[in-house]
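# Chain and residue survey
So you can see what is in the structure, the chains are spelled out below.
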Amino acid sequence: MKKLLLICCLFIGLTTASNAQGPKIVTDPVEKAKGLQKQLNLSDKQTEKVSAIYKESVEKFDKIKVKEHGNTNKMLADVAPLRVATIKKIKEVLTPAQAVKYDKLIKESKSSSLNGGWSDGWSSAAN
């Protein structure tokens, strides 16, 4: 169950929280978009678009979870393309400067002890 929670958090674009606050896992798409807004200085319009992308990803992930009956290994295979697509869609909303910062956030989350290596594949779309 713990692995399933980690997968869920990571597929929707787990970004690192402020170092002062320590790591915080946010799963709500709207809150997640607001967090990214603060980290990347997104406009309100960009934040709305990112929120919609996260919502769509959550819906797709839920379908994968049902389809695979929570089998973590099977879910990982199905979630990988969803992660890549989610990152790509988010980057399309960003300015070039924001995209550079987003790439850095993705790489930092990949090395985060929270994900335990589960985010492999996130950075492939970021490059």
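Residues numbered from 1 in each chain as written. Predicted model: local features only at pLDDT ≥ 70, side-chain atom pairs only at ≥ 80, totals over all residues. Heavy atoms only, no water.

We now examine the packing of aromatic side chains. Summed over the entire model, instances satisfying the criterion amount to zero aromatic pairs. Between the NZ or CZ atom of lysine 32 and the centre of the ring of tyrosine 54, over which it lies, the distance is 5.8 Å. (Phe/Tyr/Trp six-rings, centres within 6.5 Å; stacked < 30°, edge-to-face > 60°. Lys NZ or Arg CZ within 6 Å of the ring centre and 35° of its normal.)

Per-chain confidence: the protein chain averages 74 in pLDDT, with 65% of residues scoring 70 or above. Looking over the protein chain, one finds the lowest element-wise mean pLDDT in helix 6 (residues 122–126), namely 33, and the highest in helix 3 (residues 44–67), namely 92. Low pLDDT, under 50, characterises residues 113–127; the predicted model gives this stretch 39 contacts beyond four residues in sequence or across chains. (pLDDT = per-residue confidence, 0-100. Helix = DSSP H or I, 4+ residues; strand = E, 2+ residues; numbered from the N terminus. Contact = heavy atoms within 4.5 Å.)

Below, the discussion takes up the packing of helix 2 (residues 29–40) against helix 3. The geometry of helix 2 relative to helix 3 is characterised by a closest axis approach of 8 Å and an angle of 140° between their N-to-C directions. In terms of axis orientation, helix 2 runs oblique to helix 3. Crossing handedness for the pair helix 2 and helix 3: right-handed. From helix 2, Pro29, Val30, Lys32, Ala33, Lys34, Leu36 and Gln37 reach across to helix 3, where they touch Asp44, Thr47, Val50, Ser51, Tyr54, Lys55 and Val58. Partitioning the contact of helix 2 with helix 3 into residue classes produces seven nonpolar, three polar and four charged. (Axes fitted to C-alpha atoms, helices over the stretch in contact; angles between N-to-C directions. Parallel < 35°, antiparallel > 145°, perpendicular 65-115°, else oblique. Left-handed = near helix turned anticlockwise from the far one by under 90°. Nonpolar A, V, L, I, M, F, W, Y, C, P; charged D, E, K, R; others polar.)

Quick look at the pattern of salt bridges now. Enumeration according to the criterion identifies seven salt bridges in this entry. A salt bridge links lysine 91 to aspartate 103; the shortest N-O distance between them is 2.9 Å. Residue lysine 91 is located in helix 4 (residues 72–93), and its partner aspartate 103 is located in helix 5 (residues 96–111); the two are separated by twelve residues in the primary sequence. Residues joined by salt bridges that share partners form a network here, namely Glu56, Lys60 and Lys89. (Salt bridge = Lys/Arg side-chain N within 4 Å of Asp/Glu carboxyl O.)

With that settled, the discussion passes to helix 2. Over its twelve residues, helix 2 runs 16 Å from end to end, which matches the ideal 16 Å to within 8%, given 1.5 Å per residue. Residues of helix 2 that are buried include every one of Pro29, Lys32, Ala33, Leu36, Gln37 and Leu40, and no others. When helix 2 is viewed along its axis, its buried side chains cluster within an angular range of 150° and face the same direction. Asparagine 41 sits one or two positions beyond helix 2 and adopts a positive phi of about 60°. (Expected span 1.5 Å × (residues − 1). Buried < 20%, exposed > 50% of the residue type's maximum accessible area, 1.4 Å probe, protein only. Arc of directions from axis to C-beta.)

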